[in-house]
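Single-letter residue listing:
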Amino acid sequence: MAKSYDQTTGTGGETQQIGTGKTPILTTNHGMPISDNQNSLRIGARGPTLLEDFILREKIFHFDHERIPERIVHARGSVAHGYFECTDPIPDLTCASLFAEKGKRTEVIVRFSTVAGGAGSVDTPRDVRGFATKFYTDQGNWDLVGNNIPVFFIQDALKFPDLVHSVKMEADRGFPQAASAHDTFWDFVSLMPEAMHTVIWAMSDRGIPRSYRMMQGFGVHTFKLVTAEGAESFVKFHWRPKLGIQSLVWDESAKIQGADNDYHRRDLWEAIASGDFPEYDLAIQSFDADLADSLPWDVLDATKIIPEEIVPLRVIGRMVLDRNPANHFAENEQLAFLPSNIVPGIDFSDDPLLQGRLFSYLDTQKSRLGTTNFHQIPVNAPKCPYANMMRDGMMQVQIPTGRANYEPNSLSEAGEDGGPRPRPDGFRTAPQSVEGAKLRVRAESFADHYSQPRLFWNSQTVNEQAHIASAFTFELSKVGLDHIRKRVLSRLRNVDEGLAARVAKGLAMDLPEPAKPARAPIDINPSDALSIQKQWQPTLAGRKIGILFDEGSDKAALDALLAAIRDAGGTPFTIAPKVGGLAVQGGVMTAEGQLAGSPSWIFDAVALVLTEDAARKLSANAAAVGFVSDAFAHLKAIGHDAGAAPLLERAGVTPDAGVTDLAGLPKAATLRYWDREASLRDLA
Ligand code: HDE
């Protein structure tokens, strides 16, 4: 008989690694204690494995099914737990209990996501971001499943599969992953002029957010609020980040994809783990039917916003994200949002996109989570009591008791538990009379596709406009079919002639005839709220500063800089060519990151604390030169001591307001230096 040995210790014999008395015993999924987790059951030490090995089969069976279908859109996302606190109750507008009292807190879970890429794709492509919130209210779960862009590509749910097919990797070749810069996307959106508004938002810096903590969220659709007395109003929901809105520059976002696939996920996780809790205000735009009727567009059309100048925002609460998930699969992959989850006091409008969503998500969850009982998964289950007569199904993990599994019943008359019953103060759909012929049509009031993209364009700074024109040029440069590029240009002419001309020039193409609009666009007063740069919040809070040092650097200067950055609310991160500990002037200093793995792309600003000798040596190191030249090209502040001069020169840094001494860095690092860009980059 062949000898056996213990592969965990490398010794002969049959010993197993055994835990201490406190270690819980390893069991099968059915609780049976396991004695050997190293070897499958076989005949003799070198013989065949037995089908009888139920421990092996259970383990492999479970492993084989570890993955569930990823979300067809928004597959890649990050979650955080927290709470919503009502700061300004609105009983005048709604009987929803979460908005009833000042200071009332409701638990939430939020999932931020990209749209186009698969679950393993990167965090920073140009894309719309999902911003979905589940409020575990005491009257059931309310899911506000929104995006970071307040409008959507299409007006009717029937077009959603086409939109998604066109943007995801192309059907024959399976690429590109997580990118809209390809023929099929631009083919589809250019054939659907209603997409122009969302497209221009996606081509703006909103499509490349700096952090999930620095982006707005929008419910997108018009919803209804309903009071206890049945009075109704329309409402749009807005999330506003406390840190202000901030975006990357395109070259930076493309490079981050190489440096850190998890850039946004890590940022969210680290902020929460360090107690720097992300916070957002919840604001509403509420308005009545008269105001809705007075607008030149339809409030049921999800391709339109209502500018804040027309209906101002009212802040009604704040959301704080203070807990990371404990398990990515259980709390992120299995998290299931349903726009149909609303609570008494909130109701749907007839927005045809929203109406379609009310079906889609429930259907999706059955397919992803495999069972109608997905609501029992802890992260999806309401935190208030829930009871009904729905029974059984796959993965029923509750044990409903009693005979009453139907309603009405009279079992209570016989002294038995008759089970739950509806109550008049439960959810009631706001009554609405509807009449008309049964038709497949698009309302005439949805026909203006260009006024609002024009409003968006006119509301941007000169630098933001250059980013938009450059993004169109970049994306269309990746489009191989000439007729598609021409069609996009013909649409852009209706948005803004200057924009169309700049993109055409960037592509070296002639301008085609403008497309004929279904309805002639109108001019709307520009809205500063649509620009990121106009509302820039000059703060260091939430920002990360990369500090490059080397042998001989001045420890006192480094310590002072670290303290100054922390005092101003920022997060310093030290970088050196070697991480193990370097002899610096005044002691030894270890770095958190190694230079080659810590490019300046992943920081909001950088500092150079170097002796002249070290700076000369680093001038021959491409990673060090790139660290500085990229920080400059990405319009970031650069703080430096006198010794850094040779490296600055080698990296082509020219003096401007963003290039400062170390003392000036905390203030300088609150900004980006947009004016620098024109001299560095060929913008369209
Ligand atoms: Fe979604 N959408 N969607 N969507 N959506 C999904 O549901 C769908 C739309 C949004 O983090 C899916 O569970 C249809 C608008 C977010 O888990 C799916 C239509 C807005 C998330 C689905 C829309 C969104 C989704 C895929 C057109 C902004 C991620 C997996 C009528 C207001 C939620 C899933 C999460 C996810 C369908 C349009 C936001 C397939 C049919 C408009 C943030 O059910």
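Conventions we followed
Residues numbered from 1 in each chain as written. Predicted model: local features only at pLDDT ≥ 70, side-chain atom pairs only at ≥ 80, totals over all residues. Heavy atoms only, no water. Pairing = 2+ DSSP bridges. Helix = DSSP H or I, 4+ residues; strand = E, 2+ residues; numbered from the N terminus. Contact = heavy atoms within 4.5 Å. Axes fitted to C-alpha atoms, helices over the stretch in contact; angles between N-to-C directions. Parallel < 35°, antiparallel > 145°, perpendicular 65-115°, else oblique. 1 Å grid on protein atoms, 1.4 Å probe; cavity = no way out; pocket = protein on both sides within 12 Å on 5 of 7 lines; lining within 4 Å. Points joined across faces, edges and corners; volume = space filled by probe spheres on them. Salt bridge = Lys/Arg side-chain N within 4 Å of Asp/Glu carboxyl O. Buried < 20%, exposed > 50% of the residue type's maximum accessible area, 1.4 Å probe, protein only. Near = heavy atom within 4 Å. Polar contact = N/O pair within 3.5 Å; in protein donor to acceptor, adjacent residues only side chain to side chain. Sits in = over half its atoms within 2 Å of the grid points. Nonpolar A, V, L, I, M, F, W, Y, C, P; charged D, E, K, R; others polar. Core = buried A, V, L, I, M, F, W, Y, C linked by side-chain atoms within 4.5 Å. Right-handed = clockwise from strand over helix to strand, strands pointing away.

A. Main features of the sheet that holds strand 17 (residues 593-594). What the six strands build is an open sheet, ordered 17-14-13-18-19-20; its pairing is parallel. The open sheet has two edge strands, strand 17 and strand 20 (659-661), and neither has a second partner. Docked against the sheet, helix 14 (residues 555-567) engages strand 13 (544-549), strand 14 (571-576) and strand 18 (605-609), running at close to 175° with respect to strand 13.

B. Geometry of the packing of helix 10 (residues 451-458) against helix 11 (residues 462-477). For the pair helix 10 and helix 11, the least separation of the axes is 9 Å and the interaxial angle reads 130°. As the angle between them shows, helix 10 and helix 11 are arranged oblique. On helix 11, the residues touching Phe-456, Trp-457 and Asn-458 of helix 10 are Gln-465, Ile-468 and Ala-469.

C. Region of the structure containing empty space enclosed by the protein. Applying the stated criterion across every chain yields a total of five cavities of 30 Å³ or more. Quantified by volume, the largest cavity comes out at close to 170 Å³. Forming the walls of the largest cavity are 19 residues, and the residues nearest its centre are Pro-150, Phe-218, His-238, Gln-285 and Ile-305. The dominant element in the lining of the largest cavity, judged by the number of residues it contributes, is strand 9 (residues 232-241), at three residues.

D. Quick look at the pattern of salt bridges. For the structure on display, the rule yields 45 salt bridges. Note that Asp-604 is salt-bridged to Arg-210, the shortest N-O span being 2.6 Å. Taken together, the residues span a long stretch of sequence, with Asp-604 in the loop between strand 17 and strand 18 and Arg-210 in the loop between helix 4 (196-203) and strand 7 (217-218) at a distance of 394 residues. With respect to burial, Asp-604 and Arg-210 carry one shared label: buried. Between Asp-523 and Arg-454 there is a salt bridge whose closest N-O contact spans 3.4 Å. Separated by 69 residues along the polypeptide, Asp-523 in the loop between helix 13 (497-507) and strand 13 and Arg-454 in helix 10 bring together distant segments of the chain. Shared partners join several salt bridges into a network, and the residues in it are Glu-85, Arg-105, Lys-242, Glu-279, Asp-281 and Arg-318.

E. Local environment of the site of the ligand. Neighbouring the ligand are 23 residues, the closest being Arg-71, Arg-111, Tyr-361, Thr-364 and Gln-365. Between an oxygen atom of the ligand and a side-chain N or O atom of Arg-71, the distance comes to 2.8 Å. At a separation of 2.7 Å, an oxygen atom of the ligand approaches a polar side-chain atom of Arg-111. Judged by its atoms lying within 2 Å of the grid points, the ligand is housed in the second largest pocket. Residue assignment for the shell around the ligand shows that the elements contributing at least two residues are strand 5 (129-137), strand 6 (140-147) and helix 9 (352-369). Ranked by residues supplied to the shell around the ligand, first place goes to helix 9 with six residues. Partitioned by chemical class, the residues of the shell around the ligand number eleven nonpolar, nine polar and three charged.

F. Local environment of the nonpolar core. Ranked by internal contacts, the top residues of the largest apolar core, which has 61 residues, are Phe-153, Trp-186, Phe-472 and Leu-499. Contributions of two or more residues to this core are made by helix 2 (160-167), helix 3 (183-191), helix 4, helix 10, helix 11, helix 12 (482-495) and helix 13. Counting 35 residues, the second largest nonpolar core, distinct from the first, contains Ala-96, Val-235, Trp-239 and Val-343.

G. Highlighting the pairing of strand 13. Buried residues dominate strand 13, accounting for five of its six residues. Two elements, strand 13 and strand 14, share five bridges in a ladder whose sense is parallel. By the bridge assignment, Ile-547 is partnered in strand 14 with Thr-574. Note that the unit made of strand 13, helix 14 and strand 14 has a crossover that is right-handed.

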